[in-house]
Amino acid sequence: MLSPERVPRRGIPLRALAPNAVTALALCFGLTGIRFAIGGEWEKAIAAIVFAGVLDGLDGRIARLLKGESRFGAELDSLSDVIAFGVSPTIILYLWSLQGLPRFGWLFALAHAVCCALRLARFNSNLDAEVQPHKSAGFLTGVPAPAGAGLLFLPVYLWLETGAELFREPWLVAPWAALIAFLMISSLPTYSWSAFRPRRGIRLPALVFVALLGGALISAPWTTLSVITILYVLAIPFGARSYAKVKRQRAAATSTEQH
C-alpha cells in the first residue's frame, strides 16, 4: 500500500490554475469571434481574435512566473490555438469574403485551419527533441499560429480603415490566405520574442514605444494593425538572413573546435 506521501495527486495544481484559465479565456474569445462574424459585426470579430492573441502571449509567461508549467497546460494551449487562430479565422474570413468565390473559396479558407493544425502538431512533436537549431538560436520555425491569424486579417484591417471594397475581393483575399497558410508550415526561421533583448540603455525608450503603441491601437486600431502586419511580413526575410548568419558562426566555431 502506498504511503500518503507517495499517492499521486490528480487534477490541476493550484499554481497551474491561473495560466490554464487564461488559455481557456483565449479559446472563448476565439470562438466569440465566430459569433460576431455570423452577425456581420466584423470589427468585434477581429477584436476578439486580437484579444485572444494577447491572452495567448500571457499564459505562458504567467505559467513560468508561477512555475505552473504542465503537460496539461501545453496540450490545452495547442487546442486553444488551433481553434482561436485556425478554425475561427477560417470561418471569419470565409463569411467576410471567400464565400464569394464559388467552389474554391472554402478551400482557400480551409487551408489556413489545416496548416495551423499541422504547424501545432509539428511544434508539439518537437517539444522533447534534444536538437532544435532554430529555437536554440532564438528563432521560430515558420510563422506561429497567433501571428498567422493576425497576418491573415490584413485585408480586413485595410477594408475597415479605408472602406475600399477592393480589399474584400475574393481574388485578392484567396492568394493572401494561401501565402499565410504556407508561411505557417514552412521551415523559414522567424524572429521570436525571446530574441529581442534590448540593452539596458534603451529599455526606457522601449517602454515609451510600447506605451505609444498601445495608445495607437486604441485611437487608430486598424491602421496600427495594418502597419504591424506589414512590418512583420517585411521582417521575415531579415529573420532568415539573421539565422543564416548564426548558422555560419556555429559552423565556424564547430570547425575550429575540431581542429
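Conventions we followed
Residues numbered from 1 in each chain as written. Predicted model: local features only at pLDDT ≥ 70, side-chain atom pairs only at ≥ 80, totals over all residues. Heavy atoms only, no water. Axes fitted to C-alpha atoms, helices over the stretch in contact; angles between N-to-C directions. Helix = DSSP H or I, 4+ residues; strand = E, 2+ residues; numbered from the N terminus. Parallel < 35°, antiparallel > 145°, perpendicular 65-115°, else oblique. Contact = heavy atoms within 4.5 Å. Nonpolar A, V, L, I, M, F, W, Y, C, P; charged D, E, K, R; others polar. Phe/Tyr/Trp six-rings, centres within 6.5 Å; stacked < 30°, edge-to-face > 60°. Buried < 20%, exposed > 50% of the residue type's maximum accessible area, 1.4 Å probe, protein only. Core = buried A, V, L, I, M, F, W, Y, C linked by side-chain atoms within 4.5 Å. Patch = residues over 30% accessible without salt bridge, like charges linked within 9 Å, V, L, I, M, F, W, Y side chains within 5 Å. Areas by Shrake-Rupley, 256 points an atom, 1.4 Å probe, with all protein chains shown as cover. Salt bridge = Lys/Arg side-chain N within 4 Å of Asp/Glu carboxyl O. Left-handed = near helix turned anticlockwise from the far one by under 90°.

Enquirer: Please explain the packing of helix H4 (residues 105–125) against helix H8 (residues 170–185) as it appears in this structure.
Expert: A pair of packed helices is characterised by two quantities: the angle between their axes and the separation of those axes. Contact geometry of H4 with H8 gives a least axis separation of 8 Å together with a crossing angle of 10°. By the angle between their axes, H4 is roughly parallel relative to H8. Contacts from Phe108, Ala111, His112, Cys115, Cys116, Leu118, Arg119 and Arg122 in H4 reach Ala174, Ala177, Ala178, Ile180, Ala181, Met184 and Ile185 in H8. Across the contact of H4 with H8, the residue classes tally to twelve nonpolar, one polar and two charged.

Enquirer: How should the packing of aromatic side chains be read in this particular structure?
Expert: Aromatic ring pairs are reported here in terms of the distance separating the ring centres and the angle at which the planes meet. Summed over all chains, the structure comprises six aromatic pairs. Taking 4.7 Å as the distance between ring centres and 55° as the angle between the ring planes, the aromatic pair formed by phenylalanine 29 and phenylalanine 51 counts as tilted. One end of the pair, phenylalanine 29, is in helix H1 (residues 14–38); the other, phenylalanine 51, is in helix H2 (residues 42–66), with 22 residues separating them in the sequence. For phenylalanine 29, a relative accessible area of 26% corresponds to the partly exposed category.

Enquirer: Where do I start with the nonpolar core in this structure?
Expert: Nonpolar side chains tend to gather and get buried jointly when the protein is soluble and globular. Counting residues in hydrophobic clusters, the biggest one holds 44 residues, and the most contacted among them are Ile92, Leu93 and Phe153. Of all the elements, H8 adds the most residues to this core, at eight residues. The contacts of leucine 93, once residues within four sequence positions are left out, are Leu98, Leu152, Phe153, Val156, Val173 and Ala177.

Enquirer: Help me out: how do you make sense of a nonpolar patch on the surface in this one?
Expert: A cluster of nonpolar residues, Phe104, Trp106, Leu107, Leu110, Val114, Leu118 and Ile185, forms a patch on the protein surface that exposes about 620 Å² of accessible area. Looking at which element gives the most residues to the nonpolar patch, the answer is H4, with five residues. Tracing the sequence through the fold places leucine 107 in helix H4.

Enquirer: Could you clarify how one ought to interpret the packing of helix H6 (residues 145–152) against H8 in this entry?
Expert: Where H6 meets H8, the axes come as close as 10 Å, and the angle between the chain directions of the two elements is 165°. Between H6 and H8, the angle falls in the class roughly antiparallel. In the crossing of H6 with H8, the sense of the turn from one axis to the other is right-handed. Across from Ala145, Gly148, Leu151 and Leu152 in H6, the residues of H8 making contact are Trp176, Ala177, Ile180 and Met184. Of the residues contributing to the contact of H6 with H8, the split by class is seven nonpolar, one polar and no charged.

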